[in-house]
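Single-letter residue listing:
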Amino acid sequence: MGGDDVRLRAVVGLAQGMAAAHAPRESWRAAAAGACRALGGSFAALSVWERELGRLRVLANVGERAQDEEEFPEDEAYPVHQFPEITEFLHERWVGGGGPNAWVETAAGPAAGHAEYCHQRVAALRRRGRGCCVVAPIVMHGRAWGELYVARPAGAPVFDRADADFATVLASVVAAGIAQTERLEEARRLAFTDALTGLANRRAVDMRLDEAIERHRAEGVVVSLVVCDLNGLKRVNDTRGHAVGDRLLERFGSVLSLCGAMLPGTLAARLGGDEFCLLAVGPAADEVVRVADELCRRAGELELGEGVACGVASTEDPLGPVRSARRLFRLADAAQYRAKAVRSAKPVVAGREGPDDPVVRLADAPPPAAAERRRFRGRR
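These remarks concern the structure in this document. All of these numbers come straight from a predicted model, not from anything done at the bench.

### A word on the sheet that holds strand β8 (residues 267-272)
Thought 1: If you walk across this open sheet you meet the five strands as β8-β9-β7-β10-β11, and the pairing is mixed. At either end of the open sheet lies a strand with only one pairing partner, and these are β8 and β11 (348-349).
Thought 2: Pairing of strand β7 (residues 223-230) with strand β10 (residues 308-314) involves seven bridges; the strand directions are antiparallel. Each bridged residue has a counterpart across the sheet, and for V227 the counterpart in β10 is G311.
Thought 3: The sheet strands contacting helix α8 (residues 242-260) are β7, β8, β9 (275-281) and β10, and the helix crosses β9 at an angle near 10 degrees.

Given below as structure tokens:
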């Protein structure tokens, strides 16, 4: 099989690997791994240029990693001034009419006749026992997005001009794959995000709650739900207009997000209209109630609206078996309904008023007529 056929197959494999990715990390790994194989490298990295922070941040490292190289590093980033070619090469050559072509560097530096720059990369090659690397800019939407970096160990054949040209082709394939992944991620985000507040939406809550209840049934993990009804929204809409009402929803959404962040891994969501919720998986019920109390306090201090009616239901409290997401939702909803009925400034918690807890009785009773209680509909 000829060299061109091998490289064509490598390009196809790279594109297919990225297309099969279901999440950004998978896409990054597939990009780096595919390029590493295609170029006969021992190590590859994919990095993004974060212009606003003036740094090159590593997204993924694959292959023979050094001790200080993680597969998906949390904080491996390099100031752009340490790598001037990311700006010099792209702006002076590419913007000047050239293409975003890859280049080769060696641990031996310019004296070897291969490297176009002698700086931090040369020192890094030496420090990590690598002999050479090829660096290919990744361009998306007409702008430099980041770079693809592939290295070979010391003693291996040095990349040549043909390798650099091939790396340029691979970088364009990676750019297309990343763009596709970003479009899919944006579509997913929109499908599970409330457009006004930026919080999760009802679809996201339903999916997460179903998964959480499965974990509760299998592992006994604590699942807690805080359901809130924002008081006074209709009055604000009627007297000050819907634009002001939207501002109230946004402000309360920010308060909800802030309070949710007090419980690790908690999902903050807008269910629709003036209904919001927090879904906590893992924290103790008392911790969730404490946060719900803080939420009520902060909501009462907003300059708009009339505070919030808040109900809490947790599998850690005496509610009887919670075998479905629907039942936990009804319990939290019933607690919220009671909080609204008695005008409570604090959250009402299902199951904490003894064996004949009125919230549990309300949640487990047959659904009332729609006119009697608009929220107890079959959708719960």
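### Looking at the pattern of salt bridges
Thought 1: The final tally for this structure, using the stated rule, is 25 salt bridges.
Thought 2: Of the charged contacts, one joins E71 and R29 as a salt bridge, the two residues approaching to 2.8 Å between their closest N and O atoms. Placement of E71 in the loop between β2 (55-63) and β3 (77-79) and of R29 in helix α2 (residues 24-38) is noted, with a sequence separation of 42 residues between them.
Thought 3: Ionic pairing is found between K340 and D229, a salt bridge with its closest N-O pair at 3.1 Å. Of the two residues, K340 is situated in helix α10 (residues 325-341) and D229 in strand β7; the sequence distance between them amounts to 111 residues.
Thought 4: Judged by relative accessible area, K340 falls into the partly exposed class, the value being 36%.
Thought 5: The class for D229 is buried, based on a relative accessible area of 2%.
Thought 6: A cluster of three or more residues bridged by salt bridges with shared partners is formed by D68, E69, R128 and R130.

### Notes on the nonpolar core
Side chains that are nonpolar tend, in soluble globular proteins, to be buried together.
Thought 1: With 41 residues, the main nonpolar core has L46, V134, L170 and V174 as its most contacted residues.
Thought 2: Taken together, the elements giving at least two residues each to this core come down to α1 (3-19), α2, β1 (43-50), β2, β5 (130-140), β6 (143-153) and α5 (161-191).
Thought 3: Tallying contributions element by element places α5 first for this core, with 10 residues.
Thought 4: By size, the runner-up hydrophobic cluster in this structure holds 32 residues, among which are A204, L271, V348 and V360.

Thresholds applied
Residues numbered from 1 in each chain as written. Predicted model: local features only at pLDDT ≥ 70, side-chain atom pairs only at ≥ 80, totals over all residues. Heavy atoms only, no water. Pairing = 2+ DSSP bridges. Helix = DSSP H or I, 4+ residues; strand = E, 2+ residues; numbered from the N terminus. Contact = heavy atoms within 4.5 Å. Axes fitted to C-alpha atoms, helices over the stretch in contact; angles between N-to-C directions. Salt bridge = Lys/Arg side-chain N within 4 Å of Asp/Glu carboxyl O. Buried < 20%, exposed > 50% of the residue type's maximum accessible area, 1.4 Å probe, protein only. Core = buried A, V, L, I, M, F, W, Y, C linked by side-chain atoms within 4.5 Å.

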